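Remarks on the overall topology
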Amino acid sequence: MEATTNEKLFQNVAGNVYSFLLDEHQNIIAFSEDIDGKDKLLAYLKTANISDGIKQVFKIGKENYFAYFDNISQNKWQLVSVIPERKAFERYSSVNLWSILASICNFLAFSILIMVMVLIYTTHLNQLKAYAFSDPVTQGISYQKFLDDAEKYINYHKSDALLAVCLDINDFRIFNDLYGFDEGNNLLKLVYKMLGSHISSGLVCRATTDTFYIITNFAGTEDELLTKRDIFTDSFNAILEK
């Protein structure tokens, strides 16, 4: 964070308005250069009572400041614009069309930069979630996701009878050698869908190359349990025979 803070990512608007980018904890992400009384302003912003769209007038020492806080909704960051009172009135009489256009262009450029940063962050976050929570072969939940959700599922169904099943494909390596990895992956997808179709609630995942785990609530006798096992096995074998 310190390295990012020290980088001057954008210029002062028309030489007078200071810009600051704060994260949701009011840590300073970036700020404009050539700020008079920078350290005092940074210290104030870290502890200020910030609200979205609120204009504030505050005083540091003998200097009065005007500030506007604008929320960036995607990640709860704040874009803060600050101008010393004396500079606001110094420039008021000499503001012209070109300075206004420069201010608008500067603001738009900075807004685009923030949007790009947020887009990149969101894209990478979604990619990480997809990698961590989904199985690239079956497109179902990953083994790690299964473990996380299984703990919650068990706690929620403490009063219910639960059934845990582990199935694997015998000699799956030979199948891959004979028909290729693409056909092997297609087989794993079919098995995953078949297993999911046989449980009304619960979790299914591919734990390792050809091993599948199932957990579901099941209240029945031992004979009914054996029948359920035979249904799983018959459906499993039917796919292999195809």
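The structure contained in this document is the topic of the report that follows. (Residues numbered from 1 in each chain as written. Predicted model: local features only at pLDDT ≥ 70, side-chain atom pairs only at ≥ 80, totals over all residues. Heavy atoms only, no water.)

Taken together, the side chains of Ile100, Leu101, Ile104, Phe107 and Leu108 make up a nonpolar region of the molecular surface, amounting to roughly 430 Å² of accessible area. One can find isoleucine 104 in helix α4 (residues 97-133). (Patch = residues over 30% accessible without salt bridge, like charges linked within 9 Å, V, L, I, M, F, W, Y side chains within 5 Å. Areas by Shrake-Rupley, 256 points an atom, 1.4 Å probe, with all protein chains shown as cover. Salt bridge = Lys/Arg side-chain N within 4 Å of Asp/Glu carboxyl O. Helix = DSSP H or I, 4+ residues; strand = E, 2+ residues; numbered from the N terminus.)

Glancing now at the pairing of strand β1 (residues 18-22). Within β1, 5 of the 5 residues are buried, which leaves it mostly tucked inside the rest of the structure. Burial along β1 is two-sided: the face carrying Tyr18, Phe20 and Leu22 and the face carrying Ser19 and Leu21 are both buried. The pairing of β1 with strand β5 (residues 77-84) spans 5 bridges and is classified as antiparallel. For tyrosine 18, the partnering residue across the bridge sits in β5 and is valine 82. (Buried < 20%, exposed > 50% of the residue type's maximum accessible area, 1.4 Å probe, protein only. Pairing = 2+ DSSP bridges.)

Attention shifts here to unusual backbone geometry. Non-glycine residue glutamine 26 carries a positive phi angle of around 65°. Note on placement: glutamine 26 falls in the loop between β1 and β2 (28-31). Backbone geometry at glutamine 139 places phi at a positive 65°, although glycine is not the residue there. Along the polypeptide, glutamine 139 turns up in the loop between α4 and α5 (143-156).

What follows covers the pattern of salt bridges. Per the counting criterion, the structure on display carries 2 salt bridges. In this structure, arginine 206 and aspartate 135 form a salt bridge, with 2.8 Å as the shortest nitrogen-oxygen distance. With arginine 206 in strand β7 (residues 203-206) and aspartate 135 in the loop between α4 and α5, the pair connects residues that are 71 residues apart, well separated along the chain. Neither arginine 206 nor aspartate 135 differs from the other in exposure class; each is buried.

We now examine the packing of aromatic side chains. Under the counting rule described, the total for this entry stands at 6 aromatic pairs. Taking 5.3 Å as the distance between ring centres and 15° as the angle between the ring planes, the aromatic pair formed by phenylalanine 58 and tyrosine 65 counts as stacked. We classify phenylalanine 58 as buried; its relative accessible area is 7%. Taking the centre distance of 6.2 Å and the plane angle of 10° together, the rings of phenylalanine 172 and phenylalanine 175 count as stacked. Taken together, the residues phenylalanine 172 and phenylalanine 175, both in helix α6 (residues 172-179) and 3 residues apart, mark about one turn of the helix. For phenylalanine 172, a relative accessible area of 5% gives the class buried. (Phe/Tyr/Trp six-rings, centres within 6.5 Å; stacked < 30°, edge-to-face > 60°.)

When you line up the elements, leucine 41 lands in helix α2 (residues 38-47). If we skip the residues at most four places from it in the chain, leucine 41 touches Tyr18, Phe20, Ile35, Asp36, Phe58, Ile60, Tyr65 and Val82. (Contact = heavy atoms within 4.5 Å.)

What follows is about the packing of α6 against helix α7 (residues 181-197). Contact pair α6 / α7: the axes reach a minimum separation of 7 Å and the direction vectors enclose 135°. Relative to α7, the element α6 lies oblique. Listed contacts from α7 to Phe172, Phe175, Asn176 and Tyr179 of α6 are Phe181, Glu183, Gly184, Leu187 and Leu188. Residue composition of the contact of α6 with α7, by class: 6 nonpolar, 2 polar and 1 charged. (Axes fitted to C-alpha atoms, helices over the stretch in contact; angles between N-to-C directions. Parallel < 35°, antiparallel > 145°, perpendicular 65-115°, else oblique. Nonpolar A, V, L, I, M, F, W, Y, C, P; charged D, E, K, R; others polar.)

Don't take any of this as a statement about function, it's just geometry.
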